[in-house]
Amino acid sequence: NPKLNLQTINEFLDKDSLNTLIPTVDYVINTIDFECHAFIDCHFLCKKYNKTELFPVNLGFGGGIIINDNTTQNWNDYFGTKSIKELKLKLIEIFIKDNNFSPQMLLKFDEYCKNPPENDPQTCASVLICSNLLLTSLIALVSKQNVKKFPKTIAFDPLSITLS
């Protein structure tokens, strides 16, 4: 699309840099790692500036996305969380609660959480799934189509597919 103005940032972001950047864009794709405090700063700044935030989450072998905009509650208000550790657990739990994951997926996800792998096929599969969900969701948003928004989630469980 020649009208698309896409900006990628290949650097570590903090609250100050996010505070400068977020007001200048229409959509924010928050791919900041869960282990970095800036992922929550990004969320709250998107809420502050009324920006739509797309937050992809690797779920072991599967993947998901949370979409927030000016109609959705911020995460802490919705969950009533006080710490980042508690918030991360609640964000993961909402995927499990909102989606009908297969027992195999839940087992793989539990293993993944207990011992997250660095570079393996499971992580690669999850990143590919998240990328597809992200692009599909962004296209739907730009096209003014309805999408599930927080507290609903969008997820894909590749282990639930049966072939015949």
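Please refer to the structure placed before this passage.
Per chain, residue numbering runs from 1 following the sequence as it is written. This being a predicted model, a pLDDT of at least 70 is required before a residue's local features are given, and a value of 80 or more before pairs of side-chain atoms are given or counted; all residues contribute to the totals for chains, interfaces and linings. Derived side-chain values reflect all non-hydrogen atoms in the structure, with water molecules and hydrogen atoms excluded from consideration.

**Description of the nonpolar core**
Then step 1. Within the largest apolar cluster, 28 residues are counted, with the highest numbers of intra-cluster contacts made by Leu18, Phe55, Leu59, Trp75 and Leu91.
Then step 2. Comment: elements are numbered from the N terminus, with helices defined as DSSP H or I runs of at least four residues and strands as E runs of at least two. Residue assignment for this core shows that the elements contributing at least two residues are α2 (38-48), β2 (52-59), α3 (75-79), α4 (84-98) and α5 (103-114).
Then step 3. The biggest single contributor to this core is α2, with six residues.
Then step 4. The contact partners of Leu59, leaving out residues within four places of it in the chain, are Gly64, Ile92, Phe95, Phe101, Met105, Phe109, Ser126 and Ala155.
Then step 5. Side-chain atoms within 4.5 Å link the members of a nonpolar core, which is a set of buried Ala, Val, Leu, Ile, Met, Phe, Trp, Tyr and Cys residues. Only protein chains enter the accessibility calculation, which uses a 1.4 Å probe; a residue is then buried when its area is under 20% of its type maximum, exposed when over 50%, and partly exposed in between. Membership of the second largest hydrophobic core comes to 11 residues, among which are Leu54, Ile67, Ala140 and Leu141. Residue contacts follow a heavy-atom distance rule, with two residues in contact if any of their heavy atoms lie within 4.5 Å.

**Comments concerning the side chain of Asn74**
Then step 1. By secondary structure assignment, the location of Asn74 is in the loop between β3 (62-68) and α3.
Then step 2. Each polar contact in these results corresponds to two N or O atoms within 3.5 Å; when the atoms are within protein, one needs to be able to donate a hydrogen and the other to accept it, and residues that are neighboring in sequence are counted only if both atoms are side-chain atoms. Polar side-chain contacts of Asn74 include one of 3.0 Å to the backbone nitrogen of Asn76.
Then step 3. Polar side-chain contacts of Asn74 include one of 2.8 Å to the backbone nitrogen of Asp77.
Then step 4. Each residue touching Asn74, except ones within four places of it in the same chain, is listed here: His43, Phe44 and Lys47.

**With respect to the packing of aromatic side chains**
Then step 1. Note on aromatic pairs: the rings of Phe, Tyr and Trp (six-membered ring only in Trp) are paired at centre separations within 6.5 Å, and the planes decide the class, stacked below 30 degrees, edge-to-face beyond 60, tilted for the rest. Tallying each qualifying case throughout the model produces six aromatic pairs.
Then step 2. The interplanar angle of 40° and the centroid separation of 6.3 Å between the aromatic rings of Phe39 and Trp75 together place this pair among those described as tilted. One end of the pair, Phe39, is in helix α2; the other, Trp75, is in helix α3, with 36 residues separating them in the sequence.
Then step 3. A relative accessible area of 0% places Trp75 in the buried class.
Then step 4. Their ring planes at 55° and their centres at 5.1 Å tell us that Phe55 and Trp75 sit as a pair that is tilted. Taken together, the residues Phe55 in strand β2 and Trp75 in helix α3 connect sequence positions 20 residues apart. Take Phe55 and Trp75: they sit in the same class, and that class is buried.
Then step 5. These aromatic residues form a ring-pair network of at least three members: Phe39, Phe55 and Trp75.

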